[in-house]
Amino acid sequence: MTRQGGAALAVLGGADGAISTCQAASRLGVRTICVDLRADAPAVAHADEFLNVSTRDLPRLVRALAARDDLAGVVSPASDVNLPSQLAVARRLGLPCGLSDGAVRASTDKGHFRAVCDRLGLPGPRYVHGEPERVLRAAPALTFPLMVKPVDSSGSRGVSLCLEPGDLPGAAELARGWSLSGMIVAEEYLEGRHYTAEAFVADGAVALIGVSERELTPPPLFITVQHVMPGPPGLTEAVRGLLDRVCAEVGLREGPLNADLLVRPGGEIVLVEMGARLGGNGLAELLGLVHGVDVVEEYVRTAVGMTPRLTPSSSRHAAVRVLGAGREGKLVRVEGEDAVRALPGVVGLVLAASPGDHVERYTRAGAKLGYLTAAAPDRTALSRVLNEAARLLRFDIGEAP
């Protein structure tokens, strides 16, 4: 980085997952430009500037950013959909970027990621992907139940569990509706325990990693409720080896890496999907709490051309609990916010909704009310913190207008 004092960082997307990046950049003295079509996107208030441009309108985005002489980097925190724009902007403007075409495609096409795992000989479900019509023809030959997903959506949007062939047409139509490309994937449903890996890659290999136990809502929604880190030590090292192989295959050289995985009853590890970006819902912060490394700050440093500092300095237990509404309606008030923030062990409380907002029942990741992060020396103490925070925090939701 050559312009540290007056450097600016373009943050593609203003969802709540970008808030921590804006805050970390501010601590480092780096200005942030939040790029989004929505002026009321949650991260806009945390950025130094707002650029009202679609992150997918590449010509206009490049023109706007190329006019600046202070731009030092571009990032897409917690968002797969903006990774292609991040790579394109970085290449056209000569900005630092550890992404590759292969890493971006594996992050934005679930069917392609399954093909990557096949090439590496990694275990996984049988699947078929492509246009909905092709999937509808081929999927009945798979073993039911099946998961049907858009290839390029996230947050469980457009995902269905099909118990029998008659469920496929509706599932395919739902998935098509959530897919930018119109492509979908159907894969055999595998039983097992769900985990998420949050990692940071340096020089083409995983330099820092944490595996979290992932609690989900029951099928067919599979929405994240909570992450607790660290996971079993043996599992963490096994996953590190798998991700090193994936990085080499897709050409990911530097930056964050997030992956969902499943451990089957016999112990087989299945990589479900990956994203070459920070995990959402505070997962990057979780990795940092466990290892004593400010992962989001190192993400910003890497984005502006500096060398990340990824040496662990501590070992703790930490958790992220996602906050969701039990029903649709108008958020009237939030009670206990100050008490929760002051609670020993609570590290952060991010609220994605404010009184007066219309809120949905928590049936998709984008409908969350926010998330809470906490840390403690051991699992027992961590559970006490989470339970006390749940007792104190209340969302008063009235009838929908």
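First things first, this report covers the structure right here in the doc. (Residues numbered from 1 in each chain as written. Predicted model: local features only at pLDDT ≥ 70, side-chain atom pairs only at ≥ 80, totals over all residues. Heavy atoms only, no water.)

**A closer look at the overall build of the protein chain**
Phase 1: Counting its regular elements, the protein chain contains 12 helices and 19 strands.
Phase 2: By the compact-globule yardstick of 21 Å for 401 residues, the protein chain fits well, its C-alpha radius of gyration being 21 Å.
Phase 3: Along the three orthogonal principal directions, the C-alpha set of the protein chain runs to about 60 × 50 × 50 Å.
Phase 4: Taking as baseline every contact in the protein chain between residues at least 6 positions apart, the subset at least 24 positions apart corresponds to 65%.
Phase 5: Counting 42 positive and 46 negative side-chain charges, the protein chain places the averaged centre of each group 1 Å from the other. (Helix = DSSP H or I, 4+ residues; strand = E, 2+ residues; numbered from the N terminus. Rg over C-alpha atoms; globule rule 2.2 N^0.38 Å. Contact = heavy atoms within 4.5 Å. Lys, Arg positive; Asp, Glu negative; His and termini not counted. Charge placed at Lys NZ, Arg CZ, Asp CG, Glu CD.)

**What to know about the side chain of Glu-273**
Phase 1: Turning to its location among the elements, Glu-273 is positioned in strand 13 (residues 269-275).
Phase 2: Lys-149 provides the closest opposite charge to the buried, unpaired Glu-273, separated from it by 4.1 Å.
Phase 3: Residue contacts for Glu-273: discarding those within four places in its chain leaves Lys-110, Phe-113, Lys-149, Asn-258, Ala-259 and Asp-260. (Buried < 20%, exposed > 50% of the residue type's maximum accessible area, 1.4 Å probe, protein only. Salt bridge = Lys/Arg side-chain N within 4 Å of Asp/Glu carboxyl O.)

**Comments concerning the sheet that holds strand 17 (residues 358-359)**
Phase 1: Strand order in the open sheet formed by 3 strands is 17-15-19, and the pairing between neighbours is antiparallel. Since the sheet does not close on itself, it has two edges, and those belong to strand 17 and strand 19 (394-398), each with one partner.
Phase 2: As judged from the 5 bridges shared by strand 15 (residues 329-335) and strand 19, these two strands associate in the antiparallel manner. Bridge assignment links Glu-335 to a residue of strand 19, and that residue is Arg-394. (Pairing = 2+ DSSP bridges.)

**So, unusual backbone geometry**
Phase 1: Residue Pro-145 is bonded to the preceding Phe-144 through a cis peptide linkage, with omega at 5 degrees.
Phase 2: Along the chain, Pro-145 turns up in the loop between helix 6 (132-138) and strand 6 (146-150).
Phase 3: Note that the residue after Met-229, namely Pro-230, is joined by a cis bond; omega there is 10 degrees.
Phase 4: For Pro-230, the position within the fold is in the loop between strand 11 (224-229) and helix 8 (233-250).
Phase 5: Non-glycine residue Ala-78 carries a positive phi angle of around 55 degrees.

**A word on the packing of helix 3 (residues 83-93) against helix 4 (residues 101-108)**
Phase 1: Viewed as axis vectors pointing N to C, helix 3 and helix 4 meet at an angle of 165 degrees, and their least axial separation amounts to 9 Å. With respect to helix 4, the axis of helix 3 lies roughly antiparallel. Crossing angle aside, the handedness with which helix 3 passes helix 4 is left-handed. Counting all contacts with helix 3, which are made through Leu-83, Pro-84, Leu-87 and Arg-91, the residues of helix 4 involved are Asp-101, Val-104, Ser-107 and Thr-108.
Phase 2: In terms of residue class, the contact of helix 3 with helix 4 is made up of 4 nonpolar, 2 polar and 2 charged. (Axes fitted to C-alpha atoms, helices over the stretch in contact; angles between N-to-C directions. Parallel < 35°, antiparallel > 145°, perpendicular 65-115°, else oblique. Left-handed = near helix turned anticlockwise from the far one by under 90°. Nonpolar A, V, L, I, M, F, W, Y, C, P; charged D, E, K, R; others polar.)

**Some thoughts on the pairing of strand 6**
Phase 1: For strand 6, the tally of buried residues reaches 5 of 5 residues, placing the bulk of the element in the interior.
Phase 2: Residues Leu-146, Val-148 and Pro-150 line one face of strand 6 and the alternating positions Met-147 and Lys-149 line the opposite face, and both faces are buried.
Phase 3: Of the pairings in the sheet, the one linking strand 6 to strand 7 (residues 160-162) comprises 3 bridges and is antiparallel in character. Paired with Leu-146 across the bridge in strand 7 is Cys-162.

**Thoughts on the sheet that holds strand 5 (residues 127-130)**
Phase 1: In spatial order, the strands read 5-8-6-7; together these 4 strands make up an open sheet with antiparallel pairing. Two strands in the sheet have a free side with no partner beyond their single neighbour: strand 5 and strand 7. Looking at each pair of strands side by side, their axes are set apart by 20 degrees on average, direction ignored.
Phase 2: One ladder, built from 4 bridges, connects strand 5 with strand 8 (residues 184-188); its direction is antiparallel. Bridging from a neighbouring strand, His-129 pairs with Val-185 of strand 8.
Phase 3: Against the sheet, helix 5 (residues 110-119) contacts strand 5, strand 6 and strand 8, and its axis sits at roughly 135 degrees relative to strand 5.

**Overview of the nonpolar core**
Phase 1: Of all hydrophobic cores here, the largest spans 40 residues; its most connected members are Leu-9, Leu-208 and Val-295.
Phase 2: Among all residues touching Leu-9, those that are not within four sequence positions of it are Thr-21, Val-30, Arg-31, Thr-32, Ile-33, Leu-71, Gly-73, Val-74, Val-75, Val-300, Ala-303 and Val-304.
Phase 3: In this structure, Ala-106, Leu-122, Val-246 and Cys-247 belong to the second largest nonpolar core, which totals 34 residues. (Core = buried A, V, L, I, M, F, W, Y, C linked by side-chain atoms within 4.5 Å.)

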